[in-house]
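What the coordinates show
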Amino acid sequence: MEPGLLDFPSLGLSIAVKLLIMVGFFLTAPLVAGYMEHKVLAHQQDRLGPMEAGIGPIKHGVGQLVADGAKFIQKEDIVPTAADKWVFSLAPGVALVPALVVMLVLPLGPGLFGENLGAGVFFALAVSSVSVLGVLMAAWSSANKYSLMGGIRAAAQLIAYELPLVLGAAAVVLQAGTLSLVSIVEAQADFRIFGLLPMWFVLPHAIGFLLFFVASLAELNRPPFDMPIADSEIIFGHMTEYTGIKYAFFMLAEYAGMVVLSAIATVLFLGGWYVLPGVTVPELINWVVAFFGAGPFEFHPVVAGLLGVGVTMGKIFTLVFVMVWFRATFPRLREDQLQRMSWLILIPLGLLNIVVIAIAKVLA
Amino acid sequence: MNDVLTAADIFMLLVAVTGGAAAISVVISRNVVHAALFLVVTLLSVAGTFLMLGAEFLAWTQVLVYVGAVIVLILFGLMLTRAPIGPMAQHNENGHLAFGVSTLLFLFLCLVIFRAFGDVRLDLQYTGAAALGEVIYVEWAFPFMALGFMLTVALIGAIILARREEGEGPVTDLADEIPARDSRDVTASPGAISAGARAPGARAAGGGSAPREVQQ
């Protein structure tokens, strides 16, 4: 495996830098996603959303989630008398940690990744599937029938939608011929439709992308798949009994999950840090300046890496925007509709997709 | 034998001790849900062991399949049936027998492993997913396909066993079902469910009017 930009000769230094960047990303990106949810949803419903809280002179509610966080910390930490105290307290952590661990393998820019694992996609999918355990632990330990119902619904939903998620990703792995997330991005840069037109995998894998995106909404319990936390029926599912910082952990886990699954979708289907299919930002800038007659510029690898991070972030938050848009658009699916959609539509479609991709791959 | 413990050895030891302790907790825990959660720790430590042995792909498979799916199914089953909070009086008369059998099995396995390997040191190397795939799908393709066939047969068998035969098990209350619009059965028109359609076995008896049921 090629070392990335963050692999310094000193092991301790590279671990420290990677941890710092990961924690920084973890603490900021979910907040941006949460802020987007507040504002985008508000504007789509023709209201303003948070307007007052701000950071310094910038208002428009940009400080809303920071203020929320401060509020959550001050709240009383209530554990129901009948609850199983240990499991109840551990559950928010179990829900949150997988999202943090997956960030280890996400490649954000050229050479900018924590670790380029040989089985990166597989690692990301495996670890992110653990977070439902936190949901189940919370559901059971709360000693509340609404929580338990939410947990059962969440488990049924996860079992149904884990398969389309993996099938969508497996088709991409088949196409790229590698499990490493970094190599998949590079494979998309070299990919040509019919050997001519450079394109990301999103076009040949339109079905796979759809499967992956729908299944990730279901994994995150996002609308229209929010049956497990349906507020009009079971209050708030597994989170009903949670208050204060533990509740904040669950919300953070949801937003971090949105960012992480959008990032995996970006890497698998949308070409990662390439701004156009097969074109990086420095190359694009050089094309534009060459058009005006200026000479090509040399970009330092770090600068090129950071520009790539910008492109990746843009794609990630476009997908997060679509997730919020879905929430404002679609009504909630009923439990039987939800199960039927996965087992009768998405999974057969995913299997068919893999067969078609495999045939195309052999013929090409 | 005065080898110095490397970081890998210490990690391996830690994983083994954690896994072993969790495995004992699974058995002695008085609460079924706690037992299932301890099982998560055991399965994760098995994944850690695979990782230390250089089988990266196998380790993540362990996490995806066992922690992500099997445990979820176990917890799902427990929550659907019985999941009281707090200790539960387990009616277990075979406890002593089970303890004896498992101790004997443990000693037997220890003996076999020590006799087979003894002081042999394995030269461990990293096995990537590509190398693993080559072995499974090229070298061992036939056993792999045979296994796949066997699992499919087991799956179909499970469906046949679970499937309700005609006139067996609780009869579905047809009033709960949304009647099919395109059925030739006049009683199945929306909002008009007659007493005849409600009777057990009516769908099988009404010749030609049971398009949704496969006749055995």
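Heads up: the structure comes first, above all this text.
Residues numbered from 1 in each chain as written. Chains lettered and ligands numbered in written order. Predicted model: local features only at pLDDT ≥ 70, side-chain atom pairs only at ≥ 80, totals over all residues. Heavy atoms only, no water.

1. A word on the pattern of salt bridges
Residues and elements named next belong to chain A.
- Taken as a whole, this structure holds 8 salt bridges over all chains when the rule is applied.
- D77 is the partner of K246 in a salt bridge, and the nearest nitrogen-oxygen pair spans 3.3 Å. Of this pair, K246 sits in helix α10 (residues 244-269) while D77 sits in the loop between α2 (64-74) and α3 (85-102), and the two are 169 residues apart along the sequence.
- Exposure remark for D77: the relative accessible area of 43% places this residue in the partly exposed category. (Salt bridge = Lys/Arg side-chain N within 4 Å of Asp/Glu carboxyl O. Helix = DSSP H or I, 4+ residues; strand = E, 2+ residues; numbered from the N terminus. Buried < 20%, exposed > 50% of the residue type's maximum accessible area, 1.4 Å probe, protein only.)

2. Topic: unusual backbone geometry
Residues and elements named next belong to chain A.
- Going from P223 to P224, the amide bond is cis rather than trans, its omega being 5 degrees.
- Here P224 is to be found in the loop between α8 (206-219) and α9 (231-234).
- Although it is not a glycine, I235 adopts a positive phi angle of roughly 60 degrees.
- By the element assignment, I235 lies in the loop between α9 and α10.
- A relative accessible area of 43% means that I235 is categorised as partly exposed.

3. As for α8 of chain A
Residue and element names in this part refer to chain A.
- Over its 14 residues, α8 runs 20 Å from end to end, which matches the ideal 20 Å to within 8%, given 1.5 Å per residue.
- In terms of residue burial, α8 counts as a mostly covered element, since 11 of its 14 residues are buried.
- Residues of α8 that are buried: G208, F209, L211, F212, F213, V214, A215, S216, L217, A218 and E219.
- Of the residues trailing α8, N221 is marked for its positive phi of about 55 degrees. (Expected span 1.5 Å × (residues − 1).)

4. A short note on the packing of helix α5 (residues 131-141) of chain A against helix α6 (residues 145-176) of chain A
Residues and elements named next belong to chain A.
- Relative orientation of the contacting elements α5 and α6 amounts to 155 degrees, with a least axis distance of 7 Å. As summarised for this structure, α5 and α6 are arranged roughly antiparallel, according to the angle between their axes. As α5 packs across α6, the resulting crossing turns out to be left-handed. Taken together, the residues of α6 that come into contact with α5 (itself represented by V132, V135, L136, A139 and W140) are S147, L148, G151, A154, A155 and L158.
- In the contact of α5 with α6, the residues fall into 9 nonpolar, 2 polar and no charged. (Axes fitted to C-alpha atoms, helices over the stretch in contact; angles between N-to-C directions. Parallel < 35°, antiparallel > 145°, perpendicular 65-115°, else oblique. Left-handed = near helix turned anticlockwise from the far one by under 90°. Contact = heavy atoms within 4.5 Å. Nonpolar A, V, L, I, M, F, W, Y, C, P; charged D, E, K, R; others polar.)

5. Side note on the packing of aromatic side chains
All names here are of chain A.
- Using the criterion set out here, one finds 16 aromatic pairs over all chains in the structure.
- Centre to centre, the rings of F213 and F326 are 5.5 Å apart; their planes meet at 85 degrees, and the pair counts as edge-to-face. Placement of F213 in helix α8 and of F326 in helix α12 (residues 301-329) is noted, with a sequence separation of 113 residues between them.
- The exposure class assigned to F213 is buried, which follows from its relative accessible area of 8%. (Phe/Tyr/Trp six-rings, centres within 6.5 Å; stacked < 30°, edge-to-face > 60°.)

6. Overview of a nonpolar patch on the surface
All names here are of chain B.
- The grouping of L53, L105, F108, L109, V112, I113, F117, V120, L122 and L124 at the surface amounts to a nonpolar patch, some 950 Å² of accessible area in total.
- As for its position among the elements, F117 is in helix α4 (residues 95-117).
- Take F117: its relative accessible area is 45%, and that puts it in the partly exposed class. (Patch = residues over 30% accessible without salt bridge, like charges linked within 9 Å, V, L, I, M, F, W, Y side chains within 5 Å. Areas by Shrake-Rupley, 256 points an atom, 1.4 Å probe, with all protein chains shown as cover.)

7. Describing the packing of helix α2 (residues 32-52) of chain B against helix α3 (residues 56-81) of chain B
Residue and element names in this part refer to chain B.
- Running from N to C, α2 and α3 cross one another at 175 degrees; their axes reach a closest spacing of 8 Å. Comparing their axes, α3 and α2 come out roughly antiparallel. Residues V32, V33, A36, L37, L39, V40, L43, L44, V46, A47, F50 and L51 of α2 form the contact with α3, whose participating residues are E56, L58, A59, W60, Q62, V63, Y66, V67, I71, I74, L75 and L78.
- Across the contact of α2 with α3, the residue classes break down as 22 nonpolar, 1 polar and 1 charged.

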